[in-house]
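# Notes for the structure review
Here are the chains, one letter per residue:
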Amino acid sequence: MNFEYYLWKLTDLIAGPFIHTQVPRDGWTGLILHVIFMAIVVVIILAFLALDAFFLIWLERKISARIQNRLGPMVSGPRWLAKFSMWTGGIFQTLWDTLKLMLKEDIINRRADRLGFMLAPFICMAATFMAFLVIPFGKGLVAQDLNIGVLYLVAIGSFAVIAILTAGWSSGSKYSLLGGLRSAAQIISYEVPMIFGILGPVMIVGSLSLVDIVEAQKNTWFFVPQILAFLVYFISATAEINRTPFDLPEAESELVAGFVTEYTGMRFAMFFLAEFTNMFIISAIAVSLFFGGWMLPFGLEFPKVIQLGNFVIPYIDILLGAVVFFIKAYFFVIVLMWFRWTYPRVRVDHLLGLGWKVLLPVGFLNMLLTGIWMMIKPRGG
Amino acid sequence: MVAGALFFAWLMRPSKPDPIKLDVYECGEETVGPSQVQFNIKFYLAAILFVVFDVEALFLLPWAVAFKDLGIRAFIEMILFILILFVGLAYAWRKGILKWA
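Computed from a predicted model, the values in this text were never measured in an experiment. (Residues numbered from 1 in each chain as written. Chains lettered and ligands numbered in written order. Predicted model: local features only at pLDDT ≥ 70, side-chain atom pairs only at ≥ 80, totals over all residues. Heavy atoms only, no water.)

This brings us to the overall build of chain A. Within chain A, the secondary structure is distributed over 13 helices and two strands. With 381 residues in all, chain A has 54% of them scored as buried. Sequence-distant contacts in chain A: of pairs separated by 6 or more residues, those separated by 24 or more amount to 75%. Carbon and sulfur atoms form 71% of the exposed surface of chain A, whose accessible area is close to 17,000 Å². (Helix = DSSP H or I, 4+ residues; strand = E, 2+ residues; numbered from the N terminus. Buried < 20%, exposed > 50% of the residue type's maximum accessible area, 1.4 Å probe, protein only. Contact = heavy atoms within 4.5 Å. Areas by Shrake-Rupley, 256 points an atom, 1.4 Å probe, with all protein chains shown as cover.)

As structure tokens, then:
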């Protein structure tokens, strides 16, 4: 996995349609162009992340409203769009909410441990953004195809525990401490079944690289042979990111929002944005591992170029692949939101019981079955 | 971007601290006792259990990558290894560590 090679590929991909000259690959010109393109890539990714989180928060409010037979945010945004239907109203809601949070006072209470208190949102946010490094959005559309991609994702996922525990401890509030501890117990309990869930596809492909795993699903998506692994992964991942029905760490009705109790303004907003970005990440991982990433089902493929009269549109397969990826990922995000507004919160003993007594043995069983299946099956499938 | 957001927030937001505002939230009451209270020992036990299985999971991943080449012997060995760990889990289960009153 040559770092430089992928960078060039990525930069060509972005610049290719606009610049028809060959990009020089050495010397100062090459280096400067390289840096400029990388800066563009970073800006695109960051802008996408911010917009994505804004959009998801708005979407969650709309879906909850639909489920509870309300309209949800309708006022902020163009009025003619709000008149059109409930799904187009209030599209600027999250933007104004974020601006409002930025204008709020940043309170650090007397008992707080200042350093930890100020660092925790940063750790949370950074860990979330780092996961985007290895997610393949389309063929070749991956920032860095690490050969230990899956392991990297698991490791980055564990960062959240540190952030939440830091936030809980250093807030200097009883609610925060309890929320932080619950969260730590929950996240570490569900990390083990999650790894067992990921193990199935890894065993079949024999690689930890997400690109390899997606490409191995050309004919069959892995959720067909690995349905148990998918269920184990999806339930554990829901618990990992503290979503209802596993939202005990936040539990606004008993712990007054747990580890975020003492946070105000922008720091609170950072935890919030990180949560929604995490939702997208675990959906994206589920799509990459079990639902064929950017691929169409049944081995169908997009045409490489489209001829429109005199125009030739290049890279059409990559673009449409990315569109397919996003459709699949958003489907799972919507399923997560559906969970939240349908199920009540589980009790803490049920939570740990489910993790250790049900999901872990099921994950082990799946590993066993996958192993036996691979042993008796002839090679090359 | 995050730094930018925080910088603008710092420019725009008011800062008027007062002793009551800086107090810890406890439903409007005055705070009683230290905030870092003693917590349930169960959290510690769950953490120990996690460490055991996480190390095992870390061992499983390279095994899964090399699974195609290792053959039946490595498969049986791994099953035995996991079964031994599950005996440990069963012991913890029996001892009631997973039971939260």
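Before going further, it helps to spend a moment on the overall build of chain B. Counting secondary structure elements, chain B contains four helices and zero strands. When its helices and strands are written in sequence order, chain B yields α-α-α-α. When each of the 101 residues of chain B is scored for burial, the buried share is 33%. Looking at chain B alone, contacts between residues at least 24 apart form 53% of all its contacts between residues at least 6 apart. As displayed, chain B offers around 6,800 Å² of accessible surface, 70% of which is attributable to carbon and sulfur atoms.

Bringing the environment of T264 of chain A into the picture now. Relative to the helices and strands, T264 of chain A is located in the loop between helix 10 (252-255) and helix 11 (265-290). For the pair T264 of chain A and M130 of chain A, spaced 134 residues apart in sequence, the C-alpha to C-alpha distance is 24 Å.

Note that N366 of chain A resides in helix 13 (residues 348-376). Sequence-distant contacts of N366 of chain A, defined by excluding residues within four places in its chain, comprise G200, Q226, L228 and A229 of chain A.

All names here are of chain A. Scanning the model with the defined rule gives 23 aromatic pairs over all chains in all. Taken together, a centroid distance of 5.0 Å and an interplanar angle of 75° make the contact between F230 and F291 edge-to-face. Pair noted here: F230 is in helix 9 (residues 227-240) and F291 is in the loop between helix 11 and strand 1 (306-308), with a separation of 61 residues, a long-range link. (Phe/Tyr/Trp six-rings, centres within 6.5 Å; stacked < 30°, edge-to-face > 60°.)

Next up on the list: a nonpolar patch on the surface. Where nonpolar side chains cluster on the molecular surface, the patch consists of I91, F92, L95, W96 and L99 of chain A and spans about 420 Å² of accessible area. Mapping W96 of chain A onto the fold places it in helix 4 (residues 93-103). (Patch = residues over 30% accessible without salt bridge, like charges linked within 9 Å, V, L, I, M, F, W, Y side chains within 5 Å. Salt bridge = Lys/Arg side-chain N within 4 Å of Asp/Glu carboxyl O.)

The subject of this paragraph is the nonpolar core. Among the nonpolar cores identified, the biggest contains 114 residues, and Y233 and M367 of chain A together with W63 of chain B are the most heavily contacted of them. In terms of residue count, helix 11 of chain A provides more of this core than any other element does, 15 residues in total. (Core = buried A, V, L, I, M, F, W, Y, C linked by side-chain atoms within 4.5 Å.)

Across chain B, the average pLDDT comes to 71, with 54% of residues at 70 or higher. Across chain B, helix 4 (residues 72-94) of chain B holds the top mean pLDDT of 83, while helix 1 (residues 2-12) of chain B sits lowest at 61. (pLDDT = per-residue confidence, 0-100.)

All names here are of chain B. Contact pair helix 2 (residues 42-65) / helix 4: the axes reach a minimum separation of 11 Å and the direction vectors enclose 170°. With respect to helix 4, the element helix 2 is oriented roughly antiparallel. The residues of helix 4 that touch helix 2, namely those facing L49, V52, F53, E56, F59, L60 and W63, are A74, F75, M78, F81, I82, L85, F86, L89 and A92. Along the lines of polarity and charge, the residues of the contact of helix 2 with helix 4 split into 15 nonpolar, no polar and one charged. (Axes fitted to C-alpha atoms, helices over the stretch in contact; angles between N-to-C directions. Parallel < 35°, antiparallel > 145°, perpendicular 65-115°, else oblique. Nonpolar A, V, L, I, M, F, W, Y, C, P; charged D, E, K, R; others polar.)

Think of it this way: side chains of opposite charge can pair up when their charged atoms draw near. Residues and elements named next belong to chain A. Across all of its chains, the model carries three salt bridges over all chains by this definition. In this structure, R340 engages E60 in a salt bridge whose closest nitrogen and oxygen atoms are separated by 3.6 Å. In this pair, R340 is assigned in helix 12 (residues 316-340) and E60 in helix 2 (residues 27-67), connecting sequence segments 280 residues apart. Assessed through its relative accessible area of 26%, R340 is described here as partly exposed. You can call E60 buried: its relative accessible area is 3%. Of the charged contacts, one joins D97 and R61 as a salt bridge, the two residues approaching to 3.1 Å between their closest N and O atoms. Of the two residues, D97 sits in helix 4 while R61 sits in helix 2, which places them 36 residues apart along the sequence.

Let us now look at helix 2 of chain B. In this model, helix 2 of chain B (24 residues) spans 35 Å end to end at C-alpha, consistent with the 34 Å of a helix rising 1.5 Å per residue. Taken as a whole, helix 2 of chain B has its buried residues at F43, A46, L49, F50, F53, E56, A57, L60, L61, W63 and A64 of chain B. Where the residues of helix 2 of chain B are buried, they touch helix 6 (149-170), helix 7 (174-205) and helix 13 of chain A together with helix 3 (67-70) and helix 4 of chain B. (Expected span 1.5 Å × (residues − 1).)

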